[in-house]
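Spelled out, the chains give:
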Amino acid sequence: MSAHTYKLIELVGSSPNSSDEAVRNAIEKASKSVKHLDWFEVTQTRGHIVDGKVAHFQVVLKAGFRIEE
């Protein structure tokens, strides 16, 4: 196994349906312009409440992408 070097970026994803979908939305969008995304870590989860119900989910995540040799 070779050693890799990664760079971290911070992403914010959102979804009206779930925090999982918010993560998926952020990763999918970032992967269109960032090559070699390999992992992520959720650092914050929050949401918006309307009329006593969760109306929107938002997550902040760190994503690591491998730097090419």
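The notes below deal with the structure included here. Residue indices follow the written sequence of each chain, beginning from 1 at its first position. Since the coordinates come from a predicted model, pLDDT governs what is reported: local features require at least 70, and pairs of side-chain atoms require 80 or more to be given and counted, while whole-chain, interface and lining totals use all residues. Hydrogen atoms and water are omitted, and side-chain values are computed over all heavy atoms in the structure.

Segments assigned H or I by DSSP are reported as helices when at least four residues long, segments assigned E as strands when at least two residues long, and all are numbered from the N terminus. Mapping D20 onto the fold places it in helix α1 (residues 19-30). Between the C-alpha atom of D20 and that of V59, which follows or precedes it by 39 residues, the distance is 8.8 Å.

Before going further, it helps to spend a moment on the pattern of salt bridges. One speaks of a salt bridge when a side-chain nitrogen belonging to Lys or Arg is within 4 Å of a carboxyl oxygen belonging to Asp or Glu. Under the counting rule described, the total for this entry stands at 1 salt bridge. With its nearest N and O atoms 3.2 Å apart, the salt bridge here joins R66 to D38. Here R66 is found in strand β3 (residues 53-66), whereas its partner D38 is found in strand β2 (residues 37-50), with 28 residues between them in sequence. Given the relative accessible area of 26%, R66 is considered partly exposed. Owing to a relative accessible area of 37%, D38 belongs among the partly exposed residues under this scheme. Exposure categories follow from relative accessible area, calculated using a 1.4 Å probe and restricted to protein chains: below 20% of the type maximum is buried, above 50% is exposed, and the middle band is partly exposed.

For H36, which is not glycine, the phi torsion reads 65° and is therefore positive. Judged by relative accessible area, which is 29%, H36 ranks as partly exposed. Although it is not a glycine, D51 sits at a positive phi angle of roughly 50°. Inspection of the secondary structure puts D51 in the loop between β2 and β3.

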